[in-house]
Amino acid sequence: MPSVISQATGPGRLSATLPFAASPTESDPYVYQCGFGNRFATEALPGVLPNSCNTPQRLKYDLVSEQLNGTPFVSPRASLLHAWFYRIQPSVVHGHIRNLPPNVDLQAVFSKSNPEILCSPQDRGWDPFPIPDAEKDIDFICGLKTIGGHGDPTTKDGLAIHIFAANCDMQNRAFCNHDGDMLILPQQGRLDIQTEYGHLMVRPGELVVLQAGMRFTVSLPDGLGRGYIQEIYGSHYELPELGPVGSNGMALPRDFEYPVASFDIDRSQWQVVVKLAGQLFSYDQNHTPYDVVAWHGNYAPYKYALEKFINTATVDRDQSDPSIYCVLTAKSKMPGVSLSDFLVFTPKWSVTRNTFRPPYYHRNVATEIMGVIYGTWGGSSTHLSPGGLTYEPSYMPHGESYERWKEATAADLQPARVGEDTMGFMMHVSGHCSLTKYALERTGCLQPVQEAKWDDFEPGLLKHLDQIKADLAEAGLPGLSTITK
Ligand SMILES: [Fe+2]
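Quick caveat, the model's predicted, so the values are computed rather than measured.

Draft legend 1. Up close: the overall build of the protein. Along the backbone of the protein there are 3 helices and 33 strands. A globule of 485 residues ought to have a C-alpha radius of gyration of about 23 Å, and the protein, at 26 Å, matches this closely. The principal-axis extents of the C-alpha atoms in the protein amount to approximately 95 × 65 × 45 Å. Here the protein holds 485 residues, and 38% of them are scored as buried. Counting only contacts in the protein whose residues sit at least 6 apart along the sequence, the fraction spanning at least 24 positions is 74%.

Put into structure tokens, the structure is as follows:
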């Protein structure tokens, strides 16, 4: 896999001559640079990147310099995000902007004033979302549908959860999302994504992050594509702090892969579709938007294979918080409160002693959006299968079924593998999430509410009243009074 080339540079000496890069595989023909948050420099033609400046008077081959940033100019250095492109034509060379017909299934503003948004404390579940049939061509843009979210991209606060389901490529069409950064999880079919930075091939089991303002085109090499998207407003994804975990573990920075520069010479007609406050606009241009010959910077798309996540869950007793499964996080405007934590559930050993091993009963400030990429989900309280989704609202109680509770409290605890050949994920949203009318009325795969799911849960303490009375008497404490109706 490593493409580090060593050569003799002196007697008895071998030196690397290229930085580490991820090489093509059977399912991915592209090469990547590695390292989360690095400042990369890459050129598809030699000698194009300028030396010691960003905007020389004249660039090699009469290219044009152009900057794209993801943070204000005066942001602290540690959080500055920007990139310089060296391209054939500047992005400003395009036709007039026009409105596209509204897509009522695509939402961005989650206030009560939006008639397409509903607030409810009811948990919900969806069977696999339908993939469009062959009768109508649906590309990635047309296949975007919003499940829920909170906040508003115009105030740079909040997020949206979408699904996508498509059956055709975006032919000579690029998408530019002005609202936020998109974390995309293909669940069925690979996504071949062309960007101004180069190409990324993303398969089920990998995530890709495409930040605000970047133009990209999605093709479907497997003929169809379905998956999940978390879009964050006014924030960017970061690796979580490691705290007492230390400098190793969880998602390793080296495993994040960034494209290398790649450009087309293409004078055909292209359409660029812009999303702003959930509305779609477009402009045409007589050349490809993918004409960047070289670029450098740290505001760049990346992908990550979730199977590489190093699971450091509990190995002795009790349970860790699920934050131990956090791959990426994004800050909210409240100090110390994340906007969302993206968690992944990969196979692991379950070895704890004297521990209730399934998820304990809980009521969280967070809203939990869960999905499965592949495999069989082991939870007993929700029906969750690959391509489906569940929604657990903020502060609502949930946990395993009574049957599962009885099994788990009586089991002979032995080391066991759990989650084999399965990948689940959770978008752990730090607050309330509204749902869309699309999610509640138009998916065709919404599951009925399980009203009586825990009604069979018996209060075990009532079997022990005689023993409790005896214990109280022995301790010299007042007797137990009970209310029976
Ligand atoms: Fe939960």
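Draft legend 2. Just the UniProt feature "binding site: homogentisate" (unreviewed entry) in the protein, in detail. Per the UniProt record, "binding site: homogentisate" (unreviewed entry) is found at Trp377 and His398. By secondary structure assignment, the location of tryptophan 377 is in the loop between β29 (367–374) and β30 (389–392). We classify tryptophan 377 as buried; it has 20 C-beta atoms within 10 Å. Inspection of the secondary structure puts histidine 398 in the loop between β30 and α1 (402–410). Here histidine 398 falls in the partly exposed class, since 19 other C-beta atoms lie within 10 Å of it. Ignoring sequence-local partners within four residues, the contact set of histidine 398 consists of Asp123, His362, Ser381 and Glu392.

Draft legend 3. Fine view of the sheet that holds strand β5 (residues 40–43). With antiparallel pairing, 4 strands are arranged side by side in an open sheet as β5-β24-β7-β6. Either end of the sheet is taken by a strand with one partner, and the two such strands are β5 and β6 (64–69). Strand-to-strand twist of the sheet, defined as the mean angle between neighbouring strand axes without regard to direction, takes the value 20°. One ladder, built from 6 bridges, connects β6 with strand β7 (residues 82–87); its direction is antiparallel. Bridged to glutamate 66 within β7 is phenylalanine 85.

Draft legend 4. Local environment of the sheet that holds β29. Strand order in this open sheet of 7 strands is β10-β30-β29-β32-β27-β26-β20, and the pairing throughout is antiparallel. The sheet is open, and its two borders are formed by β10 (124–126) and β20 (237–238), each paired with just one other strand.

Draft legend 5. Structural view of the pairing of strand β19 (residues 225–233). The element β19 is extensively covered by neighbouring structure, given that 9 of its 9 residues are classed as buried. The side-chain alternation of β19 yields two buried faces, one formed by Gly225, Gly227, Ile229, Glu231 and Tyr233 and the other by Arg226, Tyr228, Gln230 and Ile232. Here 9 bridges tie strand β12 (residues 157–166) to β19, and the two strands are oriented antiparallel to one another. From the neighbouring strand, leucine 159 faces β19, where its bridge partner is isoleucine 232. Note: strand β14 (residues 181–188) against β19, 7 bridges, orientation antiparallel. From the neighbouring strand, proline 186 faces β19, where its bridge partner is glycine 227.

Draft legend 6. Quick look at the environment of serine 385. Assignment of secondary structure puts serine 385 in the loop between β29 and β30. Given 15 C-beta atoms within 10 Å, serine 385 falls into the partly exposed group. Beyond its immediate stretch of four places on either side in the chain, serine 385 contacts Asp127, Pro128, Val372 and Trp377.

Draft legend 7. Local environment of the nonpolar core. Among the nonpolar cores identified, the biggest contains 102 residues, and Leu183, Val292, Trp295, Val327, Leu343, Val344 and Phe425 are the most heavily contacted of them. The leading source of residues in this core is β12, at 7 residues. For phenylalanine 425, the contacting residues outside a window of four places in its chain are Leu185, Phe342, Leu343, Val344, Phe345, Met370, Gly371 and Ile373.

Draft legend 8. Just the confidence of the model for the protein, in detail. Residues of the protein with pLDDT of at least 70 account for 97%, and the chain-wide mean is 94. Predicted confidence is poor over residues 1–5, with pLDDT under 50, and the contacts of this stretch with residues over four places away or in other chains come to 11 contacts.

Draft legend 9. Representation of unusual backbone geometry. You will see that aspartate 318, though not glycine, has its phi angle at about 70°, which is positive. Relative to the helices and strands, aspartate 318 is located in the loop between β25 (302–305) and β26 (326–331). A positive phi angle, near 40°, is found at asparagine 354, a position not held by glycine. Mapped onto the fold, asparagine 354 is located in the loop between β28 (348–350) and β29.

Draft legend 10. Representation of the environment of proline 415 within the structure. Positionally, proline 415 belongs in the loop between α1 and β31 (416–418). The exposure class of proline 415 is exposed, given the 10 C-beta atoms found within 10 Å. Along the backbone, proline 415 and valine 315 are 100 residues apart, and their C-alpha atoms lie at a distance of 9.9 Å. The residues contacting proline 415, other than those within four sequence positions of it, are Trp349 and Val351.

Draft legend 11. A look at the environment of glycine 149. You can see glycine 149 is positioned in strand β11 (residues 144–152). Since 30 C-beta atoms lie within 10 Å of it, glycine 149 is described here as buried. When the C-alpha positions of glycine 149 and histidine 432 are compared, they lie 8.0 Å apart, and in sequence the two are 283 residues distant. If sequence neighbours within four positions are ignored, glycine 149 has contacts with Phe110, Gly158, Leu159, Ala160, Ile161, Cys433 and Ser434.

Reading the values: rules and limits
Residues numbered from 1 in each chain as written. Predicted model: local features only at pLDDT ≥ 70, side-chain atom pairs only at ≥ 80, totals over all residues. Helix = DSSP H or I, 4+ residues; strand = E, 2+ residues; numbered from the N terminus. Rg over C-alpha atoms; globule rule 2.2 N^0.38 Å. Buried ≥ 20, exposed ≤ 12 C-beta atoms within 10 Å, placed from the backbone. Contact = placed C-beta atoms within 7 Å. UniProt positions renumbered as here; feature names shortened; annotations may be inferred. Pairing = 2+ DSSP bridges. Axes fitted to C-alpha atoms, helices over the stretch in contact; angles between N-to-C directions. Core = buried A, V, L, I, M, F, W, Y, C linked by C-beta atoms within 7 Å. pLDDT = per-residue confidence, 0-100.

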